[in-house]
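# Structural overview
One letter stands for each residue in the lines below.
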Amino acid sequence: MGCTVIIGSQWGDEGKAKMVDYFTRDTDIVVRYQGGANAGHTVVAGGKKYIFHLIPSGILHKDKICVIGNGVVLDPLQFIEEMELLDKQGIDSENRIIISDCLHLILPYHLAVDSALEEIRTKKIGTTVRGIGPSYSDKCLRIGIRAGDIFEEDVIKARVAGALAMKNRLLKDVFGKPEFTIDEIMAIIHKFKEKAGKLIRNTQNYLHQAISEGKRILLEGAQGYALDIDHGTYPYVTSSNPTIGGALLGTGLNVSNIDEVIGISKAYLTRVGEGPFPTEDGGSDGDRLRVNGGEFGSTTGRPRRCGWFDTELIRQSCKINGFTGIALTKLDVLGGFKKIKVAVGYELKGKRLDMFQTYNLHRVEPVYEELDGWDENISKCKSADDLPSNAKDYLRFIEQCIGVKIKVVSVGPDRENTFIYE
Ligand code: GDP
Ligand code: IMO
Ligand code: MG
């Protein structure tokens with residue numbers, strides 16, 4: 001029995017968490033494979049809203065195991081806070097969370113460097129300032145601290161001292177910011193060891209063992225294709241690989257373990273932070289999407305930039321990820337628009353482009369088709385047959401343009417507002 005991977009197909013916030021929660025019903029284990037607390041993952045169940053940053057979005061299902069894979073960068077204080085919040089909300093997570101011994105920790109100096117870099121950048125990225133870039137950089141520079149290191153007191157103390165020697169110079173001499181002491185960093189590490197030490201283990205082996213026992217695994221991506229450090233709109237990207245390669249790297253699973261790759265696509269488009277966005281609507285339609293869709297970041301609260309569905313972007317996303325199906329979210333938000341635009345390609349200086357490129361994305365003009373909208377409230381629809389005909393036409397049009405089948409449709413934030421589309 002294989003694994004299913006859930007990947008954001010756009011610029012993040014596609015509604016991945018809602019779909020992870022939905023698909024978790026048919027799985028035994030959910031694994032987050034990359035990113036960190038830059039993610040804001042919202043699940044609405046039984047009328048209650050939960051936002052996760054690090055803990056996999058399957059946690060609300062009481063009998064499921066949630067793994068934080070080796071590809072994630074984990075802020076220990078944020079993790080402890082999230083565990084305590086779960087506890088307060090009456091969600092029993094005891095013995096259901098496993099942390100990879102190989103994942104890298106985000107420590108206060110990563111957050112300080114993230115913030116200082118944003119301050120001095122002439123062109124800002126608009127990061128979430130959660131220390132993501134600096135932590136992945138340390139991993140590549142081989143000066144990172146991994147979760148498993150906390151069990152080797154002498155080793156970790158020497159490693160933290162080494163990292164601090166560099167970071168403090170950078171913070172003080174280059175950025176003019178306060179330095180950190182080894183004691184304050186070690187205090188966080190000791191707290192993490194006390195609260196979460198027993199959750200840390202070799203997750204690669206755990207997952208392979210689970211597969212050999214016939215268990216079903218769901219791999220949960222954060223961010224989305226167009227924020228991928230390699231395939232996205234560099235440099236306006238995150239510092240990890242949300243795409244399919246990242247799912248393998250961030251778990252230790254291999255190609256033969258994967259049998260489904262579900263792309264999560266919002267029925268329109270949003271982006272938080274800077275960078276190109278060809279179908280952005282800076283006018284009243286964009287404002288209306290933002291208000292109707294509640295498009296404010298779950299991590300930073302920033303208003304999300306809004307615009308129209310872009311089939312050119314998704315076609316590229318399908319190519320990179322090999323989606324076997326699409327889950328289309330937030331179709332309800334399009335209700336009430338007289339006309340709905342869909343980008344079917346790009347033009348540059350009046351000439352139709354025949355290839356998707358990221359380097360000229362800030363200059364392209366989308367070529368739109370306009371479809372008729374619908375006025376009905378579709379949030380109670382339970383099947384394709386219940387949808388107004390214009391909504392059905394919209395789904396059919398998208399499927400034709402992207403060449404991948406829509407398998408699930410989401411028409412509201414709650415678990416219940418979801419149906420299989422055939
Ligand atoms: P993620 O980062 O991809 O998990 O997405 P976020 O949780 O950051 O943002 C998605 C937002 O849309 C959340 O507030 C969800 O509760 C909400 N949402 C998800 N699916 C739907 C849907 O089909 N309709 C509506 N109206 N809201 C949805
Ligand atoms: P989820 O998992 C939307 C964006 C930031 C910024 C860029 C780099 O909820 O979909 P970073 O802090 O990662 O260095 O920021 O990436 N970004 C997201 N945008 N959803 C996310 O996560 C994001 N995580 C990072 O806004 O533009
Ligand atoms: Mg989000």
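## Topic: the side chain of D414
Inspection of the secondary structure assignment puts D414 in the loop between strand 19 (406-410) and strand 20 (418-420). Despite its burial, D414 pairs with no opposite charge, the nearest such side chain being R415 at 6.5 Å. Separated by 3.5 Å, the side chain of D414 and the backbone nitrogen of G47 make a polar contact. Of the polar contacts made by the side chain of D414, one reaches the backbone nitrogen of E416; its length is 3.0 Å.

## Thoughts on the coordination of the magnesium ion (ligand 3)
Taken together, D13 (OD) and G40 (O) make up the protein donors of the magnesium ion (ligand 3), found 2.0 to 2.2 Å from the metal. Remark: G40 occurs in the loop between strand 2 (29-32) and strand 3 (41-45) and D13 occurs in the loop between strand 1 (3-8) and helix 1 (16-24); sequence separation between them is 27 residues.

## Looking at the domain arrangement of the protein
In terms of domains, the protein is made up of domain 1 (3-100 + 214-261), domain 2 (104-195) and domain 3 (265-420). Computed over C-alpha atoms only, the centres of domain 2 and domain 3 are separated by 38 Å. Each partner contributes residues to the interface: domain 2 has six residues there, and domain 3 has five residues. For the pair domain 2 and domain 3, the summed buried surface comes to about 370 Å²; carbon and sulfur atoms form 50% of the total. Three residues stand out in domain 2 for area buried against domain 3, namely G126, T128 and R130, and they jointly supply 67% of the buried area on that side. The interface formed by domain 2 and domain 3 includes zero salt bridges. Linking domain 2 with domain 3 are two residue pairs in polar contact (both at pLDDT 80 or more). The class makeup of the residues in the side of domain 2 that touches domain 3 is one nonpolar, three polar and two charged.

## Topic: the pairing of strand 4 (residues 48-52)
Where strand 3 and strand 4 come together, five bridges link them in antiparallel fashion. Counted as the bridge partner of V44 is K49 from strand 4. Here strand 3 folds back onto strand 4 in antiparallel fashion, the turn holding two residues, of which G46 has a positive phi close to 55°.

## Remarks on helix 4 (residues 132-141)
Burial in helix 4 covers these residues: I132, P134, S135, Y136 and D138. Looking at the packing, one finds that the buried side of helix 4 touches strand 6 (73-74), strand 8 (104-105), helix 3 (108-120) and helix 5 (153-174). R142 sits one or two residues past helix 4 and shows a positive phi near 65°.

## Regarding the environment of P235
Turning to its location among the elements, P235 is positioned in the loop between strand 10 (217-220) and helix 8 (244-249). Linking P235 and K339, residues 104 residues apart in sequence, is a C-alpha distance of 34 Å.

## Comments concerning the nonpolar core
V5, I217, L219, L331, L334 and Y394 are the most contacted members of the largest nonpolar core, which has 57 residues in total. With seven residues, helix 11 (residues 389-402) is the single largest residue contributor to this core. Residue contributions to this core reach at least three from each of two domains, namely domain 1 (3-100 + 214-261) and domain 3 (265-420). With 44 residues, the next largest nonpolar core counts A37, I99, L103 and V113 among its residues.

The rules behind these values
- Starting from 1, residues in each chain are numbered consecutively following that chain's sequence as written.
- The lettering of chains begins at A and the numbering of ligands begins at 1, in the order of writing.
- Reporting of local features is limited, given that this is a predicted model, to residues whose pLDDT is at least 70; pairs of side-chain atoms are given and counted only at 80 or more, and all residues count toward the totals for whole chains, interfaces and linings.
- Excluded from the side-chain calculations are hydrogens and water; all other atoms, namely the structure's heavy atoms, are used.
- Numbering of helices and strands runs from the N terminus; a helix is a DSSP stretch of H or I covering at least four residues, while a strand is a stretch of E covering at least two.
- Partly exposed describes any residue whose relative accessible area lies between the buried limit of under 20% and the exposed limit of over 50%, with all areas from a 1.4 Å probe on protein chains only and scaled to the type maximum.
- Neither His nor the chain ends contribute to the count of charged residues, in which Lys and Arg are positive and Asp and Glu negative.
- A pairing counts as a salt bridge when a side-chain nitrogen of Lys or Arg comes within 4 Å of a carboxyl oxygen of Asp or Glu.
- Each polar contact in these results corresponds to two N or O atoms within 3.5 Å; when the atoms are within protein, one needs to be able to donate a hydrogen and the other to accept it, and residues that are neighboring in sequence are counted only if both atoms are side-chain atoms.
- The rule for donors is simple: N, O or S, within 2.8 Å of the metal, or within 3.2 Å if the metal is Na, K or Ca. Water isn't counted, so a site may look like it is missing partners.
- Note that domain bounds follow an automatic or database assignment of domains.
- Contact between two residues is taken to exist if any of their heavy atoms lie within 4.5 Å; hydrogens are not considered.
- Reported buried area values correspond to the accessible surface (1.4 Å probe) lost by two parts on association, with both partners' losses combined.
- Classification used: nonpolar for Ala, Val, Leu, Ile, Met, Phe, Trp, Tyr, Cys and Pro, charged for Asp, Glu, Lys and Arg, polar for all others including Gly.
- One bridge is not enough; two strands pair if DSSP finds at least two bridges between them.
- As used here, the term nonpolar core means buried Ala, Val, Leu, Ile, Met, Phe, Trp, Tyr and Cys residues forming a set that is joined through side-chain atoms within 4.5 Å.

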